[in-house]
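What follows is the residue order along each chain.
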Amino acid sequence: MLKDPILELFNIDSVPFIVQIVVRLLFVLVISIILGVERANKRHAAGLRTFIVVSLAAAASSLVDYYLMTNFNAVVPAISLSLAVGIAIISSYTIIYSSKNQLKGLTTAVSLWAQVFVSFALGFGLYTIGIILSVILVISLSALPKAEIYLKNRSTHFEIHLELKNKTDLPEFVTVIRNLGLNIDDIEANPAYLNSGLSVYTIALSIYKKELRQFKTHKEIIESLRTLPYISFIEEISL
């Protein structure tokens, strides 16, 4: 039977179970604080308190399941499974669509859900798995966004939120786009701005000119378009 390396290294099995519980909860608390601070620093709705409460609840449910499975021959960790489903539902409510058709809160939602499984692992005494998962999770949230931004900014496809001062300016904008070396893959009027006096669109673009792909980023393209006098506002839509 395989045993947890950290469990064997520090001989945690030899200490009283109440001490093991405290150690597991402390691990969960520290990891949830690290992830919660990372999310809170980026001003996400699910921040420090949410991560701590959810993580401790997940750890507590796994501890109860561990006790039932050890002492009463329970086969399925029913409490943990129920909590995982519940947190998945709660996390889905942090995902919203803004008026600019931007999907927000997805990373926080899946991070919260992933943290539940880290807490499960630690609650069941799988220290090595829990710590490795948490390290990967922290690195993914703190380091990968920069790489993701770089890759997305070099992609040949992107979407923009466009606000024109008048809908009659749309044909001229389309002409400018094509002259720059861009194709319009899709264009959709945004109903959220119906009575604002502006003509607002969500436009999917693709870069077909080789020179534009090599020397221009999405940000530079949008900055050049922003100088057009009939554009009230323009920005890239980030998913």
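Student: Pulling in residues and values, what's your account of the side chain of Gln115?
Tutor: Here Gln115 lies in helix H5 (residues 106–123). According to the relative accessible area criterion, Gln115 is buried, its value standing at 1%. Here the side chain of Gln115 touches Ser55 through a polar contact of 3.1 Å, side chain to side chain. Once you skip the residues sitting within four places of it in the chain, Gln115 turns out to touch Val28, Ile31, Ser32, Leu35, Phe51, Ser55 and Leu137.

Student: I'd love a proper account of the packing of aromatic side chains, names of residues and values included.
Tutor: Counted by the stated rule, this structure contains six aromatic pairs. Judged by centre distance (5.9 Å) and plane angle (20 degrees), the rings of Phe17 and Tyr66 are stacked. With Phe17 in helix H2 (residues 17–41) and Tyr66 in helix H3 (residues 48–71), the pair connects residues that are 49 residues apart, well separated along the chain. Residue class for Tyr66 comes out partly exposed when judged on its relative accessible area of 28%. Consider the rings of Tyr66 and Phe124, whose centres lie 6.5 Å apart with planes at 70 degrees: the pair is edge-to-face. A residue pair is termed long-range when its members are at least 10 positions apart, and Tyr66 in helix H3 and Phe124 in the loop between H5 and helix H6 (127–142) qualify at 58 residues. Residue classification places Phe124 among the partly exposed positions, given a relative accessible area of 23%. Taken together, the ring pairs connect Phe17, Tyr66 and Phe124 into an aromatic cluster. For the cation-ring pair, Arg24 lies above Tyr66, with the distance from its terminal atom to the ring centre recorded as 5.1 Å.

Student: Hey, could you go over the pairing of strand S5 (residues 199–207) for me, with residue numbers and the actual values?
Tutor: Across the nine residues of S5, nine count as buried, placing the element largely inside the fold. Of the two faces of S5, both are covered, the one formed by Ser199, Tyr201, Ile203, Leu205 and Ile207 as well as the one formed by Val200, Thr202, Ala204 and Ser206. Two strands pair when backbone bridges link them, and strand S3 (residues 157–164) and S5 are joined in this way by eight bridges, in the antiparallel orientation. Paired with His161 across the two strands is Thr202, which belongs to S5. Note that strand S4 (residues 182–189) and S5 share seven bridges and pair antiparallel. Residue pairing for S5: Leu182 is matched across the bridge by Ile207.

Student: Tell me about the sheet that holds S3, residues and numbers included.
Tutor: Read from one edge to the other, the open sheet built from four strands follows the order S4-S5-S3-S6, with strand pairing classed as antiparallel. Bordering the open sheet on either side are S4 and strand S6 (231–236), each of which pairs with just one other strand. Across the sheet, the axes of successive neighbouring strands diverge by a mean angle of 25 degrees, strand direction being ignored. Docked against the sheet, helix H8 (residues 170–180) engages S3, S4, S5 and S6, running at close to 150 degrees with respect to S4.

Definitions and cut-offs
- Sequence order as written defines the numbering, with residues in each chain counted from 1.
- Residues qualify for local features only when their pLDDT is at least 70, as the model is predicted, and side-chain atom pairs are given and counted only at 80 or more; totals for whole chains, interfaces and linings, by contrast, use all residues.
- Hydrogens and water are ignored here; the side-chain numbers use all heavy atoms of the structure.
- Here a strand is any run of E in DSSP of at least two residues, a helix any run of H or I of at least four, and the numbering for each starts at the N terminus.
- A 1.4 Å probe rolled over the protein chains alone gives each residue an accessible area, and that area as a share of the maximum for its type sets the label: buried under 20%, exposed over 50%, partly exposed in between.
- Any N or O atom pair separated by 3.5 Å or less is treated as a polar contact, with the protein-specific requirement of one donor-capable and one acceptor-capable atom, and with residues adjacent in sequence counted only for side-chain atom pairs.
- Every residue pair with non-hydrogen atoms within 4.5 Å of one another is taken to be in contact.
- Ring geometry is summarised as follows: Phe, Tyr and Trp rings, the Trp one being its six-membered ring, pair when their centres sit within 6.5 Å, and such pairs are stacked at plane angles under 30 degrees, edge-to-face over 60 and tilted between the two.
- As a reminder, the over-ring test applies to NZ of lysine and CZ of arginine, requiring each to be within 6 Å of the ring centre and within 35 degrees of the ring normal.
- Paired strands, in this sense, are two strands between which DSSP finds at least two bridges.
- Geometry is summarised by axes, namely lines fitted to C-alpha atoms with helices restricted to the contacting stretch, and by angles between N-to-C directions that run from 0 to 180 degrees.

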